[in-house]
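Below, each chain spelled out in residue letters.
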Amino acid sequence: MIAGSIEALKERDDFNAVFVGKQDVIENLLKDYQYDQKRVRIIDAPDVITCEEEPTVAVRRKPNSSIC
């Protein structure tokens, strides 16, 4: 996703990227690329909801997940 988004930034001037997830992980992945940082936004979502969790309970317990 990172590589594809960076490629899209290069190809299109009307495109901005928003990454949602663990900010430190995303920043670590982005460091390998050159891109216009003004066109990239990271929304930190440190909580992870797994497939094994009951959806309604997980959303209440993990409000900082990407799905919330």
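The structure presented is a predicted model; accordingly, all values stated were derived computationally and were not measured. (Residues numbered from 1 in each chain as written. Predicted model: local features only at pLDDT ≥ 70, side-chain atom pairs only at ≥ 80, totals over all residues. Heavy atoms only, no water.)

S.K.: Just to check I follow, could you spell out the overall build of the protein chain for this structure?
M.R.: Along its length, the protein chain carries three helices and two strands. Taken over C-alpha atoms, the radius of gyration comes to 14 Å for the protein chain, far larger than the 11 Å a tight globule of 68 residues would show. Summarising its shape, the C-alpha atoms of the protein chain cover approximately 40 × 20 × 20 Å along the three principal directions. Sorting the 68 residues of the protein chain into buried and exposed places 22% on the buried side. When contacts within the protein chain are restricted to residue pairs at least 6 apart in sequence, long-range pairs at least 24 apart make up 34% of them. Here the protein chain has roughly 5400 Å² of accessible surface; of this, 48% comes from carbon and sulfur atoms. Where the 10 positive side-chain charges of the protein chain centre and where its 13 negative ones centre are 3 Å apart. (Helix = DSSP H or I, 4+ residues; strand = E, 2+ residues; numbered from the N terminus. Rg over C-alpha atoms; globule rule 2.2 N^0.38 Å. Buried < 20%, exposed > 50% of the residue type's maximum accessible area, 1.4 Å probe, protein only. Contact = heavy atoms within 4.5 Å. Areas by Shrake-Rupley, 256 points an atom, 1.4 Å probe, with all protein chains shown as cover. Lys, Arg positive; Asp, Glu negative; His and termini not counted. Charge placed at Lys NZ, Arg CZ, Asp CG, Glu CD.)

S.K.: Can you walk me through helix α1 (residues 2–11) in this structure?
M.R.: Taken together, the buried positions of α1 are occupied by I2, S5, I6, A8 and L9. Down the axis of α1, the sector holding all buried residues measures 155 degrees, keeping them to one side. The exposed residues of α1 that point more than 90 degrees off its buried face are K10 and E11. Against β1 (17–21), α2 (23–30) and β2 (40–44) lie the buried residues of α1. (Arc of directions from axis to C-beta.)

S.K.: Looking at this structure, I do not really get the pairing of β2. What am I missing?
M.R.: The side chains of a regular strand alternate, first on one face of the sheet and then on the other. Of the pairings in the sheet, the one linking β1 to β2 comprises five bridges and is parallel in character. Of the residues in β2, the one forming a bridge with G21 is D44. A crossover links β1 with its parallel partner β2, the connecting element being α2, and its sense is right-handed. (Pairing = 2+ DSSP bridges. Right-handed = clockwise from strand over helix to strand, strands pointing away.)

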